[in-house]
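# Architecture and fold: a report
Spelled out from the first residue to the last, the chains are:
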Amino acid sequence: AKEPVRVLVTGAAGQIGYALVPMIARGIMLGADQPVILHMLDIPPAAEALNGVRMELVDAAFPLLKGVVATTDVVEACTGVNVAVMVGGFPRKEGMERKDVMSKNVSIYKSQASALEQHAAPNCKVLVVANPANTNALILKEFAPSIPAKNITCLTRLDHNRALGQISERLNVQVSDVKNVIIWGNHSSTQYPDVNHATVRDKPVRELVKDDEWLNGEFITTVQQRGAAIIKARKLSSALSAASAACDHIRDWVLGTPEGTWVSMGVYSDGSYNAPAGVIYSFPVTCKNGEWTIVQGLAIDEFSRKKLELTGAELTEEKELAYSCLS
Ligand code: NAX
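Just so it is clear, the structure is predicted and the values come from calculations on it, not from any experiment.

## Side note on helix 4 (residues 98–119)
- Here helix 4 contains 22 residues, and its C-alpha end-to-end distance of 31 Å stays within 8% of the 32 Å for a straight helix at 1.5 Å per residue.
- Listed in full, the buried residues belonging to helix 4 are Val 101, Met 102, Asn 105, Val 106, Tyr 109, Gln 112, Ala 113, Ala 115 and Leu 116.

Here's what the structure looks like:
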């Protein structure tokens, strides 16, 4: 039998946490033969709710779930974890300045970076979900210098999956037949969902859709604004789709992407495709043996080039804002 893997979920009493922890405990993240021990962290005001989630996990009698740590102590939460999914953060509230929200998240991610660096298992893989996801991940990286940069990522898989979903609905094909869309840049409304290399059963999506106006217009804005559309409909932000995307992200990272398929991940940029280096930027990646590699050599047309630059510039600006919160 396999040794259990310890998976940390921060913000576990929140709505993504509530959707995510049962998925992990059922083997959706790490495989149906992989036992897990869940570490759940939240803040003291949510301690009682967190204990309720712990009780439900016990009640669900998941065969793969070998233990649960539910705590408000960041050191206890981080100790020995192999995978860390960072969902906890400070949400933007109506009327709040961007800088104030950034400042709260910078201080959270700075301290959680240190706890992970000192107490997580060696080679721990980190996925930041909480917004601003790319910049929170960058802060985590900066303040956990002994964790390799390649181990720190952020979630853009939800945006990637949303793009697959839109193409599948438009063409009336199975979503599993749509491949190789790309989310470039920031997990924000400047992200660029790119279908120029996407296929359905090996046929280019552009040739199948036959409507460049839609692909260059409404398709892009629909994906960019999907989070807001969910909030409008549900009066709550995306949760089950975010949790599912987090599982997809970790599963593909750990177990590998299928041959000929790439996925989108926010990773530490080396300047590929002229993206700014030194920010967490979403690229197309393939994964093998627990490591991601940026897909190289894709042709970028003029329309796309501008969109890659715009979202890159936003990330540079966010990085500067985050650094200004440190002083
Ligand atoms: P909730 O407000 O329901 O849950 C957040 C939880 O985090 C709360 O229980 C809160 O007490 C906890 N928390 C706050 N500070 C913490 C800290 N310092 N340590 C540990 N826990 C802490 O939000 P939810 O809807 O679950 O969303 C969580 C985050 O995901 C938000 O930042 C949200 O913006 C972000 N999202 C990111 C997405 C992505 O694709 N990257 C998509 C979905 C989502 O919007």
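There is more to say after this.
## So, the pairing of strand 14 (residues 291–294)
- Residues Trp 292 and Ile 294 of strand 14 are buried on one face, while the alternating residues Glu 291 and Thr 293, pointing to the opposite face, are not.
- Here four bridges tie strand 13 (residues 280–288) to strand 14, and the two strands are oriented antiparallel to one another. Bridging across to strand 14, Lys 288 finds its partner in Glu 291.
- Where strand 13 folds back onto strand 14 in an antiparallel hairpin, the turn is made up of two residues, including Asn 289, whose phi is positive at roughly 50°.

## Some thoughts on unusual backbone geometry
- Each neighbour pair has its own omega, and for Asn 131 with Pro 132 the value is -10°, a cis peptide bond.
- With respect to the element layout, Pro 132 can be found in the loop between strand 5 (125–128) and helix 5 (133–142).
- Despite not being glycine, Asp 202 shows a phi value in the positive range, around 70°.
- Counting through the fold element by element, Asp 202 comes out in the loop between strand 10 (199–200) and strand 11 (203–204).
- Positive phi outside glycine occurs at Lys 210, with the angle close to 50°.
- For Lys 210, the position within the fold is in the loop between helix 7 (205–209) and helix 8 (212–216).

## Quick word on the packing of helix 5 against helix 12 (residues 302–324)
- Packing of helix 5 against helix 12 leaves a shortest axis separation of 10 Å and a crossing angle of 55°. What the angle tells us is that helix 5 and helix 12 run oblique. Between helix 5 and helix 12 the crossing geometry is right-handed. From helix 5, Asn 134, Thr 135, Leu 138, Ile 139 and Glu 142 reach across to helix 12, where they touch Leu 315, Glu 318, Lys 319, Ala 322 and Tyr 323.
- Split by residue class, the contact of helix 5 with helix 12 holds five nonpolar, two polar and three charged.

## Some remarks on the pattern of salt bridges
- Counted under the stated rule, the structure contains twelve salt bridges.
- A salt bridge links Arg 201 to Asp 177, with the nearest nitrogen and oxygen atoms 3.0 Å apart. Of this pair, Arg 201 sits in the loop between strand 10 and strand 11 while Asp 177 sits in the loop between helix 6 (157–171) and strand 7 (178–179), and the two are 24 residues apart along the sequence.
- Residues Arg 206 and Asp 212 are paired through a salt bridge, measuring 2.7 Å at the closest nitrogen-oxygen approach.

## Focus on the environment of Ser 114
- Summarising the element assignment, Ser 114 is placed in helix 4.
- Judged by its relative accessible area of 26%, Ser 114 falls in the partly exposed class.
- In the structure, Ser 114 is positioned 92 residues away from Arg 206 in sequence and 46 Å away in space, judged by C-alpha atoms.

## Quick word on the site of the ligand
- Taken together, 22 residues are adjacent to the ligand, and Gln 15, Ile 16, Asp 42, Val 129 and Asn 131 come closest.
- Take Gly 11: an N or O atom from its main chain is 3.4 Å from a nitrogen atom of the ligand.
- Between the ligand and Asn 131 there is a distance of 2.7 Å, counted from an oxygen atom to a side-chain nitrogen or oxygen.
- Protein contacts shield 80% of the accessible area of the ligand, which totals 880 Å² for the unbound molecule.
- When residues of the shell around the ligand are traced back to their parent elements, those giving at least two are helix 1 (15–25) and helix 4.

## A look at the side chain of Lys 141
- Tracing the backbone shows Lys 141 in helix 5.
- Polar contacts involving the side chain of Lys 141 include one to the side chain of Glu 142, which spans 3.1 Å.
- Sequence-distant contacts of Lys 141, that is, excluding residues within four places in its chain, are made with Ala 149, Ile 152 and Tyr 268.

## Section: the confidence of the model for the protein chain
- Summing up the model confidence of the protein chain, the mean pLDDT is 97 and the portion of residues at 70 or higher is 100%.
- Scored as a complex, the prediction yields pTM 0.98 and ipTM 0.99.

Calculation criteria
- Residues numbered from 1 in each chain as written.
- Predicted model: local features only at pLDDT ≥ 70, side-chain atom pairs only at ≥ 80, totals over all residues.
- Heavy atoms only, no water.
- Helix = DSSP H or I, 4+ residues; strand = E, 2+ residues; numbered from the N terminus.
- Expected span 1.5 Å × (residues − 1).
- Buried < 20%, exposed > 50% of the residue type's maximum accessible area, 1.4 Å probe, protein only.
- Pairing = 2+ DSSP bridges.
- Axes fitted to C-alpha atoms, helices over the stretch in contact; angles between N-to-C directions.
- Parallel < 35°, antiparallel > 145°, perpendicular 65-115°, else oblique.
- Left-handed = near helix turned anticlockwise from the far one by under 90°.
- Contact = heavy atoms within 4.5 Å.
- Nonpolar A, V, L, I, M, F, W, Y, C, P; charged D, E, K, R; others polar.
- Salt bridge = Lys/Arg side-chain N within 4 Å of Asp/Glu carboxyl O.
- Near = heavy atom within 4 Å.
- Polar contact = N/O pair within 3.5 Å; in protein donor to acceptor, adjacent residues only side chain to side chain.
- Areas by Shrake-Rupley, 256 points an atom, 1.4 Å probe, with all protein chains shown as cover.
- pLDDT = per-residue confidence, 0-100.

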